[in-house]
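Architecture and fold: a report
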Amino acid sequence: MSNSASDIESTPQQEVATQTAGQTPVLSAQSAPAPQPQPALASSPGSTDPTNAPGVVGLDISARTGADVDTGSTPQLAWGARSDVGLIREHNEDSFLIHAPVFCVCDGMGGHAAGEVASAIAVRSIAEHAPVVADDTLLGAAVELANTAIIKGAQEGVGRPGMGCTATAAVIENKRLAVAHVGDSRLYILHEGTLVRVTRDHSFVEELVDAGEITADEARVHPSRSVITRALGSDPHMYADHFSLDIEPHDRIILCSDGLSSMMSDHALEDIAVSSATPQQAADNLVAAALAEGGYDNVTVIVIDVLDENEAKHHRSSRVRTLWRWSVVSILTLAVMVVSFWFVVRNSWYIGENGTTVAVYQGINASLFGIKLNSLFDTTSIQIADLPESTQRSLKEGIGVASPKEAQKIVENYRGQIDKQKSEEAKKLTTTSQQTNVAELSYSAKE
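Residues numbered from 1 in each chain as written. Predicted model: local features only at pLDDT ≥ 70, side-chain atom pairs only at ≥ 80, totals over all residues. Heavy atoms only, no water.

1. Some words on the overall build of the protein
- When helices and strands are counted, the protein shows 10 helices and 18 strands.
- The buried share of the protein, reckoned over its 447 residues, is 43%.
- Counting only contacts in the protein whose residues sit at least 6 apart along the sequence, the fraction spanning at least 24 positions is 68%.
- Of the roughly 23,200 Å² of accessible surface on the protein, 55% is carried by carbon and sulfur atoms. (Helix = DSSP H or I, 4+ residues; strand = E, 2+ residues; numbered from the N terminus. Buried < 20%, exposed > 50% of the residue type's maximum accessible area, 1.4 Å probe, protein only. Contact = heavy atoms within 4.5 Å. Areas by Shrake-Rupley, 256 points an atom, 1.4 Å probe, with all protein chains shown as cover.)

2. Structural notes on the nonpolar core
- Core analysis: the biggest nonpolar cluster contains 30 residues, and Cys 106, Ile 126, Val 143, Ile 150 and Leu 232 have the highest contact counts within it.
- Put simply, the parts of the chain that give this core at least two residues each are β6 (102–109), α1 (115–129), α2 (136–155), β8 (167–173) and β9 (176–182).
- Beyond its immediate chain neighbours, meaning those up to four positions away, Cys 106 contacts Glu 93, Asp 94, Ser 95, Ser 119, Ala 122, Val 123, Ile 126, Cys 165, Thr 166 and Ala 167.
- Core analysis: the second largest hydrophobic core is formed by 24 residues, Leu 87, Leu 190, Met 263 and Leu 291 among them. (Core = buried A, V, L, I, M, F, W, Y, C linked by side-chain atoms within 4.5 Å.)

3. Re the pairing of strand β14 (residues 299–306)
- Counting buried positions along β14 gives 8 out of 8 residues, so the element sits mostly inside the fold.
- Bridging between strand β4 (residues 77–84) and β14 involves 8 bridges; their strand directions are antiparallel. If you follow Gly 80 over to β14, its bridge partner there is Val 303.
- Relative to β14, strand β13 (residues 252–256) runs antiparallel, the two sharing 5 bridges. Along β14, the bridge assignment pairs Ile 254 with Val 303. (Pairing = 2+ DSSP bridges.)

4. Quick look at the packing of aromatic side chains
- Throughout the structure, instances matching the rule amount to 3 aromatic pairs.
- Arranged with centres 5.7 Å apart and planes meeting at 65°, the rings of Trp 79 and Phe 103 form a pair that is edge-to-face. You can see Trp 79 sitting in strand β4 and its partner Phe 103 sitting in strand β6, a full 24 residues away along the chain. Judged on exposure class, the residue Trp 79 and its partner Phe 103 are both buried.
- Considering the side-chain rings of Trp 349 and Phe 377, the 4.9 Å spacing of their centres and the 80° angle between planes classify their relative orientation as edge-to-face. In this pair, Trp 349 is assigned in strand β15 (residues 349–354) and Phe 377 in strand β17 (residues 371–383), connecting sequence segments 28 residues apart.
- The buried category is assigned to Trp 349, whose relative accessible area is 13%.
- The class of Phe 377 is partly exposed, set by a relative accessible area of 45%.
- Here the basic side chain of Arg 230 rests over the ring of Tyr 239, its NZ or CZ set 4.0 Å away from the ring centre. (Phe/Tyr/Trp six-rings, centres within 6.5 Å; stacked < 30°, edge-to-face > 60°. Lys NZ or Arg CZ within 6 Å of the ring centre and 35° of its normal.)

5. Thoughts on the confidence of the model for the protein
- For the protein, the mean per-residue pLDDT works out to 84, and 83% of the residues sit at or above 70.
- Note that pLDDT drops below 50 for residues 2–23; the model gives that stretch 60 contacts with residues more than four away or on any other chain.
- Predicted confidence for residues 30–47 stays below pLDDT 50, and this span has 44 contacts to residues more than four positions away or in other chains. (pLDDT = per-residue confidence, 0-100.)

Dropping the structure here:
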């Protein structure tokens, strides 16, 4: 929003961001050139994330520059947020705070180097002073301290005199919601499919609507729709509206700047909020809808789902049980595989080399992770060199046998082959020797 000041020289972008509640809060204050309008694209298929309800087209705005996104959860809450510069503005003067259970949206006023500074000061101050329990009085006091901080900043030369911002803050504790509110940013609750606006705009057109002079739809396009009657940064005595509400598991809470609420009716907002599966999808779809309507202002949306803690505990317990079951099944399966493998190894036999001799082994001729899967069962005196070359090659690889008895038969066969070969060689040698002697005798007789 830029309600009261002309453009001023730029200041550096300020941003601090973390994802986990309980650590540094997410504080977002962006400033970026406005991109050219981009066509809305359907979400990519094949995603394993929860999908929108039938009839709602997911819009892919993830590639847009000048946007800030935050997604997270606790056992009690799940949230998603998106802040976009819009299609007309050159800078994003919105800021938002996520420090569960504290959430806040601030819409800056005063132009570049003023509105964004004011909203950044506000979220930092609220992050510092907001309670962690659903006490709306303390939350209202935190918003009023943010007002003091903005005024002091302007006096000290931070930003510009006259800068300001709206603030809509919430603290969620169990089934209680504390709200503090100044300006025309809004907080909605979606309860059992029905959207209810629980904040009242501090604006000129809201007063006209209350007086019955215009309708809510007319207020969205009224020439004076940007006139704010109460904001942070101008009046040291400014006070914040604050109140508490009961909430229930499965309620969906929406905080937004007027860049959303001024671009679409509450009915259209309700349709998208109901049909979006997750808080982040809801935030993305709402921002995309505001851009599709023209995106005339910065758009910031935080969507928080109130979870059923008992249901969450049940799901966690179920996941733990499932994990244990899978672990036990995996361990048992591995154990069966190891035992089966060891059984095969212990009931396998082969004939192989033992140095220069033949031996019988129990196991297989291999190793696993450097561990030999065999042991020497029996040795022989059979020299490998006495066997045929083909048999020597087979022994090197290991000749599998069904049992030690079969191995013994093969060994005896080798021994018989060698004895037979040696016997034939000896007989051949004797015959040759005899022939030589006869020849020598014949030669002598001739002489």
